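Okay, here's what each chain looks like letter by letter:
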Amino acid sequence: MRAVVTGGAGFLGSHLCARLLDEGWQVVSVDSLLTGSDANLEGLRDRPGFDALHADVSRGLSVGGEIDWVFHFASPASPPDYLRNPIATLDVGSLGTRNALELARAKGAGFYLASTSEVYGDPQVHPQPESYWGNVNPVGPRSVYDEAKRFAEALTMGYHREHGVPVRIVRIFNTYGPRMRRGDGRAVPTFIEQALAGEPLTVHGDGSQTRSLCFVDDLIEGIWRLLNAPVTGPVNVGNPEEVTIRELAERIVAATGSASELTFVDRPVDDPEQRCPDISFARSATGWEPRVSLDEGLRHTVAWAAAAWAAAVG
Ligand code: UDP
């Protein structure tokens, strides 16, 4: 089997490339390196069957040879990243998705979309099942990500219905783990960096908003299982262990053994109040469920960050 992975130098894309290689696939990563990094490809470059192209999928996507699946994982995913790059984010969700779907159609391949829990916006149904249509501000600052991913889902279903392209759509909930970029801006890497430096952890608002965090290995297993299940529509993959952001900060202080305190700062516009996946469908369709608890996953991530980020500075 041979895959193209857009965003292969990103956090999730690089873990997906590694998993596909482990399964005996050949993999071509395509990444613009807007938010991905060469460092994420370090462990992949020397592996047999792996190739990396430096290209922007929003401008076009051309890969020679036979392809079985196109995985479209390219996009800024951290709120500060997509707020800094609004048009590139809209482009990769729209033009990039179109280019990746065209490649899949031309090659007779399947198409696998990395979608997001952000399609539910600031949800008024809790936890969120796939059948919930969401509550998205279509012109707010986050819309560049939310609406691009909603369009990407619609386009994916359009190609499936009009051209018969086999498709998978995974709605990825908050995920963390090794290879998150230092300075990425999301809560877990930000709090870890602050705790390791002995600085105050910047909790937005009063920290009562919730998220449900999935360790990256669990997420990749869910993505793999979904590939092998005959499911066309969107499937939530995430860990339903829900915590407040204040509690997350406290757990990261504990996991690092830091003396850092919490500081409460302004909350971003349209920041969702609560988020938790209903994973009943993933469970019944694929047999998948997460195995790594938040505390265990944070311990792994802290150990990785302490070593990797220190080495990058040194
Ligand atoms: N957050 C925070 N401090 C930070 C970064 C994020 O309190 O330094 C909050 C953010 O406002 C949100 C939650 O943590 O309520 C999760 O944010 P993240 O950026 O990780 O992901 P999101 O779920 O918003 O995409």
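First things first, this report covers the structure right here in the doc. The written sequence of each chain sets the order in which its residues are numbered from 1. Only residues with pLDDT of at least 70 get local features here, since the model is predicted, and only at 80 or more are side-chain atom pairs given and counted; chain-wide, interface and lining totals rely on the full set of residues. To get the side-chain values, take all heavy atoms of the structure and skip hydrogens and water.

**Quick word on the overall build of the chain**
The following threshold applies: Put simply, DSSP marks the helices as runs of H or I at least four residues long and the strands as runs of E at least two long, and each gets a number from the N terminus on. Note that the radius of gyration is over C-alpha atoms, with the globule rule given as 2.2 Å times the number of residues to the power 0.38. A contact between two residues is defined here by any heavy atoms of the two lying within 4.5 Å. The accessible surface values rely on the Shrake-Rupley method and a 1.4 Å probe; as for residues, cover is taken only from the protein chains in view. The charge count treats Lys and Arg as positive and Asp and Glu as negative. His and the chain ends do not count. Positions of charges follow a simple convention, taking NZ of Lys, CZ of Arg, CG of Asp or CD of Glu.
On a plain count of helices and strands, the chain comes out with 10 helices and 13 strands. Since a compact globule built from 314 residues should have a radius of gyration of about 20 Å, the 19 Å found for the chain is in line with a globular shape. Long-range contacts, defined here as pairs at least 24 residues apart, represent 80% of the contacts in the chain between residues at least 6 apart. Accessible surface, the chain as shown: approximately 13,100 Å² in total, 50% of it carbon and sulfur. Positive and negative side-chain charges in the chain, numbering 28 and 40 respectively, have mean positions lying 4 Å apart.

**Let's talk about the site of the ligand**
Under the convention used in this document: One heavy atom suffices: a residue is near a molecule or strand as soon as one of its heavy atoms comes within 4 Å of it. By the criterion applied in these results, polar contacts are pairs of N or O atoms within 3.5 Å in which, for protein atoms, one can donate a hydrogen and the other can accept it, and in which residues neighboring in sequence qualify only through two side-chain atoms. When residues are grouped by polarity, Ala, Val, Leu, Ile, Met, Phe, Trp, Tyr, Cys and Pro land in nonpolar, Asp, Glu, Lys and Arg in charged, and all others, Gly among them, in polar.
Around the ligand, 18 residues are found, and the nearest of them are T202, H204, R211, D271 and R275. Side-chain polar atom of D271 to an oxygen atom of the ligand: 2.7 Å apart, as the coordinates give it. Against a free-state accessible area of 520 Å², the protein chains account for coverage of 93% of the ligand. Counting only elements with at least two residues in the shell around the ligand, the list comes to α6 (187-196) and β8 (201-204). In terms of residue class, the shell around the ligand is made up of six nonpolar, six polar and six charged.

**Digging into the environment of N236**
Condition: Whether a residue is buried, partly exposed or exposed follows from its accessible area with a 1.4 Å probe, protein chains only, as a fraction of its type maximum: under 20%, in between, or over 50%, in that order.
Structurally, the position occupied by N236 is in strand β11 (residues 234-237). N236 gets classed as buried once you look at its relative accessible area, which sits at 0%. Along the chain, N236 and G222 lie 14 residues apart, while their C-alpha atoms are 9.3 Å from each other. Excluding its chain neighbours within four sequence positions, the residues that come into contact with N236 are Y120, Q128, P129, E130, R171, F173, P277, D278, I279 and A282. Side-chain polar atoms of N236 contact the backbone oxygen of D278, separated by 3.1 Å.

**Some thoughts on the packing of helix α1 (residues 11-22) against helix α7 (residues 216-227)**
Which entries qualify depends on this criterion: For helices, the fitted line uses only the C-alpha atoms of the stretch in contact; every axis is such a line through C-alpha atoms, and the angle between N-to-C directions lies from 0 to 180 degrees. Any angle between 65 and 115 degrees counts as roughly perpendicular, while under 35 counts as roughly parallel, over 145 as roughly antiparallel, and the rest as oblique. Note: crossing handedness is left-handed where the near helix turns anticlockwise from the far helix by less than a right angle, and right-handed where it turns clockwise.
Two elements in contact, α1 and α7, have axes separated by 10 Å at closest approach and are oriented at 60°. Of the possible angle classes, the one that applies to α1 and α7 is oblique. Crossing of α1 against α7: the hand is right-handed. Contacts between α1 and α7 pair F11, L12, H15, L16, R19 and L20 from the former with V216, L219, I220, E221, I223 and W224 from the latter. For the contact of α1 with α7, the per-class residue count stands at nine nonpolar, one polar and two charged.

**Describing the environment of Y145**
Along the chain, Y145 falls in helix α5 (residues 143-163). On the accessibility criterion, Y145 (7% relative accessible area) is buried. The sequence separation of Y145 and L61 amounts to 84 residues, and the corresponding C-alpha distance is 21 Å. When sequence neighbours within four positions are dropped, the list of residues in contact with Y145 reads S75, P76, A77, Y82, T89, T116 and E118.

**Things to note about the environment of V292**
Mapped onto the secondary structure, V292 falls in the loop between α9 (280-286) and α10 (294-313). C-alpha of V292 to C-alpha of D206: the two residues are 86 residues apart in sequence and 27 Å apart in space. Here V292 is in contact with F215, D218, N239 and G297, once residues within four sequence places are set aside.

**Some details on α7**
The line we're drawing: In this analysis, the expected span of each helix is defined as 1.5 Å times one less than the number of residues it contains.
Between its terminal C-alpha atoms α7 stretches 17 Å, which fits the 16 Å expected from 12 residues at 1.5 Å a residue. Burial analysis of α7 places nine of its 12 residues in the buried class, which makes it a mostly covered element. Inspection of α7 places V216, D218, L219, I220, G222, I223, W224, L226 and L227 among the buried residues, and these make up the whole buried set.

**Some details on the nonpolar core**
If you look at soluble globular proteins, the nonpolar side chains tend to sit buried side by side. This is how it is decided: The term nonpolar core refers to a set of buried residues drawn from Ala, Val, Leu, Ile, Met, Phe, Trp, Tyr and Cys, joined through side-chain atoms within 4.5 Å.
Formed by 59 residues in total, the largest nonpolar core has its most connected members in L20, W25, F71, F73, Y112, I223 and L248. The contacts of F71, once residues within four sequence positions are left out, are A3, V4, V5, T6, L16, L20, W25, Y112 and L227. With 24 residues, the next largest nonpolar core counts V28, V70, F111 and L113 among its residues.

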